Amino acid sequence: MSPSFDYGDLDFTEPAKQIKAFNMEQVPQRIFDDMRKYEDSARGFHFTCFEKLREGDDTPGHAIVYHRPDDSQVSEFYRMSTDPQIQDLQRITHFDLGSGRNVSNFTPIVGEDWRGIWRGGGAILAMDLNGNEYFQLWRYWEDSNCTTIIPPIESELKNEPGGRLERLTHDEAKYSNIVVSDSQKIMAFTSNKANGTDLLVYITNLSDSQTGAAADSQPFTLPSRQVTPPPDKGNSRWFIWDISSDDQYILLTNAHTTTYSPLYIVRTSGGQPEQIILPNATEKESETAYHTPAFSRDSAQPHLVYLISNAYGDFHSVLTYDTQSRAVVHVTTPEPGLRALRPINWPCGLLSVTAECVFFRVNADGYTKLYVWPLSGPLKDTIIEVKLEWEGGQFIYSTNADNGRPYELVINLLSHLSQTRLARLDLTGRLQDVKRDENGDAYISVSLTPYKQAAPIPAAYRTIPAKLLRFKSFDGLEIPCMYYHPNDGKSVVPLVISIHGGPEGQSASNSRSPIHWYIINELGYAVVYPNVRGSTGYGKRFMAADDVEKREDSVKDIGALLNHVEQSMNNELDSSRIAVMGGSYGGYMALACMIHFPTKFACGLVNFPVAHWPSFLENTAPSRRNHRRGEYGDERIPEIRAFLERISPMNRASEIAAPLQIAHGDADSRIPVDQAIRMWQTVMGSGVHCELMVCAKEGHGFKQKSVIEFTNAAKLNFLERFLPVAK
């Protein structure tokens, strides 16, 4: 876990709940008031899962959604009918712990008998209590589905008037990645409980569990058996994707780095995982990653695996692999000569396999497209684009196949018009309406039915879509950006450059944070979101172009953007009034930019930044450490450590000339809070104005209402003071 920091004699104020403020003036109340409409409409609804229907249940069923109500410090869970005509929304959690808790899994189950009785329905959660991402396992259930009412349990959270939450693990390990088999007999998860570092795979029975626990008030620890052995050397970071229909095998990847995550099959009874090596792959195995692999749900083809990989080119493409014949079918691979069913020259993702069809998404220049692939009938082997009738942006989807409804989807829509809102899509019978475009490619156009009860407050302000902006960097590499100008370039305005984290993230076409719209509408600034080298969405070679010793090439991309603004956009952007901001790796980028181009920025704002590379790598959560070394370099190697010391903002803080504001969560296990505090002290010591906010019980990203509202308002106040509209 992240080490606690001794604040010693440091002076700070506490201007809001869970906030320590260092060297900060009071934030004007008018900013909080003006931000209200932006923050209200940002409280969108997020689909979590479909509840499991009992066998023979022909009701519409329910979905679980996630939303922060106005009166809550954190987000809560709700039950929603999958029928949009039934607009009731039932809140099922009411536990405000006064902390920035995270829930990484909410996995529905038919039930379990861990306490010697049958507790039907509900879910298994992986949840921390303070944002530090050391998730524990919890059982959510409702007494009405329990054969015997269990008395209050000592480790149970108070959640009246919702269901009950029992803690199932009681240590300081990390538990996550919960997967339940189709049969509902077994549950798999990953944990580093064996040694604190390796994320290994474990299985527990849901039925006939024979745990020995009683239906009483005593807490118990959920028993499990280890499936994957600890590695002989290095570290394991297993991720579970799927369990075969017969409960015999697990599909999993071992994430060595973001760009290298080999695919394996292991028996649920345990043993050495067997690696799947795709035949005739054109790419190096050490540069190949696999995503969302899934077993066939066709009982006649249990040996068939559907997967997404970049083993045959720069982009992640949809493939099938026969584990018996080792035959590969290319579904979307764009490389000539591989004869894909429908070549697609963009990365594919979010594969969902049902017995009747396969769904997947495509990320086309930051905009999401949906495809369906029927597995039988006259359209077998036809890849059909599902064109949604909406304004366009990004979305994720979930099918209700586990309840026997593979063509029923709930879609999370995110666009410039609103934060996440939910809609229903039912393709039952719609594949009879397939048309062909001018290239002969199949498509259908479909309308969506909104869930009115799961729609954010309508935006009471102007929203505008992003424009795609591209420029050439120092070496000729084209860098794409999302660009927003408050009046379509009709006047010269200040600019905020906002850099995403990751570094394998992507700034796409989706709606932005509340301060994004405040910056555009209230301050009148333009905003650019650059996808510097290292970003996802543009192929593996683009993503690897910033690895290790090439780290500062991504900083040079921002230098090229500054030149492009000054030379080619001076009729709409003021190159003398530019701010830079970013979080996590984007925070490092913002600091590095202020160091490399000290005269180009009026100010900078960073959240939970990497300020010193060697100590970050030494102190990030053990389960992440080797994975991050693959991206940033291994600080244990002397020449790499020397390089990381040279590029660390902490060691070059004296070169920062513009005012800086930093915010960080004190429970952050990815980037410990001392990175921010030491950076603040160093910049202050060099005589440059620097502000710091430390957010109590927050991790890597802010979850609490008071923290979100204060840090947003403080950032805007900082921009008003140091990036004025008038010269």
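Parameters at a glance
Residues numbered from 1 in each chain as written. Predicted model: local features only at pLDDT ≥ 70, side-chain atom pairs only at ≥ 80, totals over all residues. Heavy atoms only, no water. Buried < 20%, exposed > 50% of the residue type's maximum accessible area, 1.4 Å probe, protein only. Helix = DSSP H or I, 4+ residues; strand = E, 2+ residues; numbered from the N terminus. Pairing = 2+ DSSP bridges. UniProt positions renumbered as here; feature names shortened; annotations may be inferred. Arc of directions from axis to C-beta. Contact = heavy atoms within 4.5 Å. Axes fitted to C-alpha atoms, helices over the stretch in contact; angles between N-to-C directions. Salt bridge = Lys/Arg side-chain N within 4 Å of Asp/Glu carboxyl O. Disulfide = S-S within 2.5 Å. Phe/Tyr/Trp six-rings, centres within 6.5 Å; stacked < 30°, edge-to-face > 60°. Lys NZ or Arg CZ within 6 Å of the ring centre and 35° of its normal.

(A) Summary view of the pairing of strand S4 (residues 76-81). The buried fraction of S4 amounts to six of the six residues, a majority that puts the element mostly inside the structure. On S4, burial covers both faces: Glu 76, Tyr 78 and Met 80 on one face and Phe 77, Arg 79 and Ser 81 on the other are all buried. Pairing geometry for strand S3 (residues 62-67) and S4, over six bridges, is antiparallel. By the bridge assignment, Ile 64 is partnered in S4 with Arg 79. Two elements, S4 and strand S5 (residues 89-91), share three bridges in a ladder whose sense is antiparallel. Note on S5: the bridge partner recorded for Met 80 is Leu 89.

(B) Representation of the UniProt feature "domain: Peptidase S9 prolyl oligopeptidase catalytic" (unreviewed entry) in the chain in the model. The feature "domain: Peptidase S9 prolyl oligopeptidase catalytic" (unreviewed entry), as annotated in UniProt, sits at residues 518-722 in this numbering. Helix makes up 48% of residues 518-722 and strand 16%, whereas the separation of the span's terminal C-alpha atoms amounts to 16 Å.

(C) Quick look at helix H8 (residues 638-647). Taken together, the buried positions of H8 are Ile 640, Phe 643, Leu 644 and Ile 647. Taken around the axis of H8, the buried residues stretch over an arc of 95 degrees, which confines them to a single face. Opposite the buried face of H8, at more than 90 degrees from it, the exposed residues are Pro 638 and Arg 646. Residues of H8 that are buried make contact with helix H4 (551-568), helix H5 (585-596), helix H6 (613-619) and helix H7 (622-632).

(D) Spatial organisation of the sheet that holds strand S41 (residues 660-665). Strand order in the open sheet made by the nine strands is S1-S42-S41-S40-S39-S37-S38-S36-S35, with mixed pairing throughout. Whereas interior strands pair on both sides, the edge strands pair on one side only; in this sheet they are strand S1 (19-22) and strand S35 (467-472). Mean inter-strand twist for the sheet, computed between neighbouring axes without regard to direction, equals 20 degrees. Bridge analysis of strand S36 (residues 478-484) against strand S38 (residues 526-530) gives four bridges, and the strand direction is antiparallel. Bridging from a neighbouring strand, Tyr 484 pairs with Val 527 of S38.

(E) Molecular detail of the pattern of salt bridges. Here the structure, examined in full by the defined rule, presents 51 salt bridges. Across the salt bridge formed by Arg 164 and Glu 156, the nearest N and O atoms sit 2.7 Å from each other. For Arg 164, a relative accessible area of 11% corresponds to the buried category. Its salt-bridge partner being Asp 574, residue Arg 577 comes within 2.5 Å of it at the nearest N-O pair.

(F) Examining unusual backbone geometry more closely. Between Glu 160 and Pro 161 the backbone carries a cis peptide bond, its omega angle lying at 5 degrees. Tracing the sequence through the fold places Pro 161 in the loop between strand S11 (156-157) and strand S12 (164-167). Phi angles above zero are rare outside glycine, and Gln 184 is one such case at about 65 degrees. Counting through the fold element by element, Gln 184 comes out in the loop between strand S13 (175-180) and strand S14 (186-191). Positioned with a positive phi, Arg 339 is a non-glycine residue whose angle comes to about 50 degrees.

(G) How the structure looks around the state of the cysteines. Summed over the entire model, instances satisfying the criterion amount to zero disulfides. Between Cys 348, a cysteine without a disulfide, and Cys 357, which holds the nearest cysteine sulfur, the sulfur-to-sulfur distance is 16 Å. Cys 348 gets classed as buried once you look at its relative accessible area, which sits at 8%.

(H) Up close: the side chain of Lys 174. In this fold, Lys 174 is placed in the loop between S12 and S13. Those residues in contact with Lys 174 that sit more than four places away from it in its chain are Glu 133, Tyr 134, Phe 135, Thr 190, Ser 191, Asn 192 and Ser 623.

(I) Structural context of the packing of aromatic side chains. Within this structure, the stated rule accounts for 31 aromatic pairs. Ring centres 6.2 Å apart and planes at 35 degrees place the aromatic pair Phe 32 and Phe 710 in the tilted group. Taken together, the residues Phe 32 in helix H1 (residues 29-41) and Phe 710 in helix H10 (residues 705-722) connect sequence positions 678 residues apart. A ring pair is formed by Phe 360 and Tyr 371, whose centres lie 5.3 Å apart and whose planes are at 5 degrees; its orientation type is stacked. Here Phe 360, found in strand S26 (residues 357-364), pairs with Tyr 371, found in strand S27 (residues 367-374); they are 11 residues apart in sequence, far enough to count as distant. Judged by relative accessible area, which is 4%, Tyr 371 ranks as buried. Residue placement shows Lys 556 over the ring face of Phe 474; its charged tip is 4.9 Å from the ring centre.

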